[in-house]
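Descriptive structure summary
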Amino acid sequence: MNSEERFDLITKTSNEIAYYLIVRQNVDSALEILESAFSYIDKDKVKKYDLALFNNYYGLGLKEKFLYEEALEKFNNCLINAKAISSKRIIMWGLSGRGDTYLQIGSFEKSYKDFLNALDIALELKDYFEISILYFNIGCVYLEIQRYNEAVTNFQLGAAIKKNKLHQDDKFIGLFSFDLVHILLGIAYIKKGDVRLSEINC
């Protein structure tokens with residue numbers, strides 16, 4: 001195995017392990033693995049695909065640790081590399097991660113734009129998990145800017161897709177909770193003055 005093949009194996013393996021750990025909320029270990037792997041290899045020899053994933057996963061980890069400025073930098077790097085290789089799926093992930101980071105810091109217009117662009121790609125790819133998450137995230141933006149009717153509509157769309165498309169897929173268990181959707185729906189109904197429907201959902 002030459003050095004390039006070794007670097008390729010290291011980056012792919014570290015990215016896969018980091019994703020596994022982030023999904024299971026073991027963020028510190030995920031970041032440690034990514035830092036160790038990418039400090040060892042020659043970054044000039046890393047494929048843009050793997051570099052895009054590295055920045056995406058690193059951004060997700062930083063976001064979970066509330067390091068939002070650093071997370072935005074990683075998501076921007078992810079998008080640069082993903083666009084260079086025209087990887088729609090990684091572009092979608094990068095936009096979604098960056099949009100959620102913008103949401104957390106109150107940049108709602110930027111958040112909405114990223115979520116909407118990611119949703120366009122998700123719909124094209126027929127990625128129903130991402131579609132459901134993105135409708136949910138767009139609903140959160142509308143909730144924050146007090147457009148409660150639109151919030152309810154998007155929460156309902158996300159819940160319907162999850163129920164009809166994802167309920168039999170074990171890998172989504174724990175990643176997108178119906179309980180959370182119904183709580184947010186209840187909040188949106190309360191905000192728009194519909195107490196009866198809020199009681200049904202909360």
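Throughout this description, residue numbers start from 1 for each chain and increase along the sequence as written. Residue-level local features of this predicted model are given only where pLDDT is at least 70; pairs of side-chain atoms are given and counted only at 80 or more, and the full residue set underlies all totals for whole chains, interfaces and linings. For the side-chain quantities, the full set of heavy atoms in the structure was used; hydrogens and water were omitted.

Details of the packing of helix 5 (residues 88-104) against helix 6 (residues 108-125)
When two helices pack together, their arrangement is given by the angle between the helix axes and by the axis-to-axis distance. Contact geometry for helix 5 and helix 6: axes closest at 8 Å, N-to-C directions at 155 degrees. One element, helix 5, and the other, helix 6, form an angle in the roughly antiparallel class. Considering how the two elements wind past one another, helix 5 and helix 6 form a crossing that is left-handed. Of the residues in helix 6, those in contact with Lys 88, Arg 89, Ile 91, Met 92, Leu 95, Ser 96, Arg 98, Gly 99, Asp 100, Tyr 102 and Leu 103 of helix 5 are Phe 108, Lys 110, Ser 111, Asp 114, Phe 115, Asn 117, Ala 118, Ile 121, Ala 122, Glu 124 and Leu 125. For helices, the fitted axis covers only the stretch in contact; all axes are lines through C-alpha atoms, and the angles between them, taken along N-to-C directions, range from 0 to 180 degrees. Numbering of helices and strands runs from the N terminus, with a helix taken as a DSSP run of H or I at least four residues long and a strand as a DSSP run of E at least two residues long. What sets the label is the angle itself: under 35 degrees gives roughly parallel, over 145 gives roughly antiparallel, 65 to 115 gives roughly perpendicular, and the rest give oblique. For a crossing to be left-handed, the near helix must be turned anticlockwise from the far one by less than a right angle; the clockwise case is right-handed. Throughout, a contact is declared for two residues whenever any of their heavy atoms are within 4.5 Å.

Points about the confidence of the model for the chain
When pLDDT is averaged across the chain, the result is 84; 79% of the residues are at 70 or more. Mean pLDDT across the secondary structure elements of the chain bottoms out at helix 10 (residues 195-201), with 46, and peaks at helix 6, with 98. Counting contacts from residues 169-175, a segment whose pLDDT is below 50, to residues more than four positions away or on other chains yields six contacts. Note: pLDDT gives the predictor's confidence per residue, expressed from 0 to 100.

Brief notes about the nonpolar core
Throughout this description, the term nonpolar core refers to a set of buried Ala, Val, Leu, Ile, Met, Phe, Trp, Tyr and Cys residues connected via side-chain atoms within 4.5 Å. A simple rule labels every residue: compare its accessible area, found with a 1.4 Å probe on the protein chains alone, to the largest value its type can have, and call it buried under 20%, exposed over 50%, or partly exposed in between. Ranked by internal contacts, the top residues of the largest apolar core, which has 49 residues, are Leu 34, Phe 38, Leu 143 and Phe 155. Examining the composition of this core, we find that nine residues originate from one element, helix 7 (residues 128-144), more than from any other.

Observations concerning the packing of helix 4 (residues 68-84) against helix 5
It is the contact of helix 4 with helix 5, at a shortest axis distance of 9 Å, that shows an interaxial angle of 160 degrees. Considered as vectors, helix 4 and helix 5 are oriented roughly antiparallel to each other. Judged by the sense of rotation from one axis to the other, the crossing of helix 4 with helix 5 is left-handed. On helix 5, the residues touching Tyr 68, Ala 71, Leu 72, Phe 75, Asn 76, Cys 78, Leu 79, Ala 82 and Lys 83 of helix 4 are Ile 90, Ile 91, Gly 94, Leu 95, Gly 97, Arg 98, Thr 101, Tyr 102 and Gln 104. Looking at the contact of helix 4 with helix 5 residue by residue, the classes come out as 11 nonpolar, five polar and two charged. Polar here means any residue other than Ala, Val, Leu, Ile, Met, Phe, Trp, Tyr, Cys and Pro, which are nonpolar, and Asp, Glu, Lys and Arg, which are charged; Gly is therefore polar.

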